[in-house]
Amino acid sequence: MKGKRVTKINKKKPSNQRSAERKLTTPQAAEIFTSQVTKEGFSSENTRHAMERKRVSKNRVVASGFKPMTLNLDSAVMELLHDLYGGAGLKYTTRNGEICFKVAELSMMISYLITTHYNTTVTNQISGYKVYLHKIMAVVKFRKEFQFENEKEICDFLNVNKFKRYASVFRFKNGYDSTWEPKHLAMYIEAKSADEVYKKMKDRRIRLMKKVIN
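Here's a quick rundown of the structure. Small disclaimer: the values here were computed from a predicted structure and weren't measured.

1. Things to note about the overall build of the protein
- Within the protein one finds 8 helices and 2 strands.
- The linear arrangement of helices and strands in the protein, starting from the amino end, is α-α-α-β-β-α-α-α-α-α.
- Across the 214 residues that make up the protein, the buried fraction comes to 16%.
- Residue pairs in contact within the protein that sit at least 24 positions apart in sequence constitute 50% of those at least 6 positions apart.
- Only carbon and sulfur atoms are counted for the fraction: they give 57% of the accessible area of the protein, which is about 17,700 Å².

Below you can see the structure in the form of structure tokens.
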């Protein structure tokens, strides 16, 4: 009686595993694979070190008595800051190939300017109005000069994003008309400062009141 032949069962490996093994059969492929792993390791390590440096820097700022905060500045303010910063001989740094302020230097310059000239700066409700007018003027000019939008498109942007439109210098914080139309933008586009916009609105209000009286 013949004995039964024992057949060896070969379990098939997943195709992706077989493919990976074939790629590693040559020294060149193995070298490439090792290089990729090494680069990923370095990248991960660099990221970890960067995060650690950022954490240490943030803790140092807080421990020194400063409070970090984020500011949104328009291009006109950025240009003025560069003039002041460069004029003071403060050093710049480079990030991603772009020349930037050193945060600590810029922070101290702003702190110095505000604390030094604080007593000569007067703020009141009218100043608050002008601050908002300055914001609108900056947005309108940015959308026109850098986004190349026309008046209708700018109004659509202002309305969709719910920018308030105060129709009178006497209605600030007491009510406003939130609907922007192209006819409202001329003074913001032509003006060089929020003070100028405020004066135009005030003069227009005075003219209207005189017409009513007469």
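From this point, things continue past the structure.
2. Regarding the nonpolar core
- Counting residues in each nonpolar core, the largest one holds 21 residues, and the members touching the most others are Leu133, Leu158, Trp180, Tyr188 and Val197.
- Listing elements by their share of this core, those giving two or more residues are α5 (125-145), α6 (151-160), α7 (186-190) and α8 (194-213).
- Top contributing element to this core by residue count: α5, with 7 residues.
- Among the nonpolar cores identified, the runner-up in size contains 5 residues, and Leu81, Tyr85, Leu106 and Met109 belong to it.

3. Some words on α5
- The end-to-end C-alpha distance of α5 is 30 Å, a good match for the 30 Å that 21 residues give at a rise of 1.5 Å each.
- Among all positions in α5, only Tyr129, Tyr132, Leu133, Ile136, Met137, Val139, Val140 and Arg143 are buried. For α5, the angular spread of the buried residues around the axis is 165°, confining them to a single face.
- Where α5 is buried, its residues touch α6, α7 and α8.
- A side-chain oxygen of the first residue of α5 lies 3.1 Å from the backbone nitrogen of isoleucine 126; this N-cap is asparagine 124.

4. Some words on the pairing of strand β2 (residues 98-101)
- Pairing of strand β1 (residues 92-95) with β2, which is carried by 4 bridges, proceeds in the antiparallel orientation. Across the sheet, threonine 94 pairs through a bridge with isoleucine 99, a residue of β2.

5. Topic: the side chain of arginine 165
- Summarising the element assignment, arginine 165 is placed in the loop between α6 and α7.
- On the basis of relative accessibility, which here comes to 10%, the residue arginine 165 falls in the buried class.
- In this structure the side chain of arginine 165 is engaged in a polar contact, spanning 3.3 Å, whose partner is the side chain of histidine 184.

6. Notes on the environment of phenylalanine 66
- With respect to the element layout, phenylalanine 66 can be found in the loop between α2 (27-63) and α3 (75-87).
- With relative accessibility at 44%, the residue phenylalanine 66 sits in the partly exposed group.
- In this structure the C-alpha to C-alpha distance between phenylalanine 66 and serine 107, which are 41 residues apart in sequence, comes to 9.6 Å.
- Sequence-distant contacts of phenylalanine 66, defined by excluding residues within four places in its chain, comprise Val61 and Met108.

7. Here we look at the pattern of salt bridges
- A full pass over the atoms with the stated rule returns 9 salt bridges.
- Ionic pairing is found between aspartate 203 and lysine 199, a salt bridge with its closest N-O pair at 2.9 Å. Here aspartate 203 pairs with lysine 199, and both are found in helix α8, just 4 residues apart, close to one helical turn.
- Residue classification places aspartate 203 among the partly exposed residues on the basis of a relative accessible area of 28%.
- The class for lysine 199 is exposed, based on a relative accessible area of 52%.

Rules behind the numbers
Residues numbered from 1 in each chain as written. Predicted model: local features only at pLDDT ≥ 70, side-chain atom pairs only at ≥ 80, totals over all residues. Heavy atoms only, no water. Helix = DSSP H or I, 4+ residues; strand = E, 2+ residues; numbered from the N terminus. Buried < 20%, exposed > 50% of the residue type's maximum accessible area, 1.4 Å probe, protein only. Contact = heavy atoms within 4.5 Å. Areas by Shrake-Rupley, 256 points an atom, 1.4 Å probe, with all protein chains shown as cover. Core = buried A, V, L, I, M, F, W, Y, C linked by side-chain atoms within 4.5 Å. Expected span 1.5 Å × (residues − 1). Arc of directions from axis to C-beta. Polar contact = N/O pair within 3.5 Å; in protein donor to acceptor, adjacent residues only side chain to side chain. Pairing = 2+ DSSP bridges. Salt bridge = Lys/Arg side-chain N within 4 Å of Asp/Glu carboxyl O.

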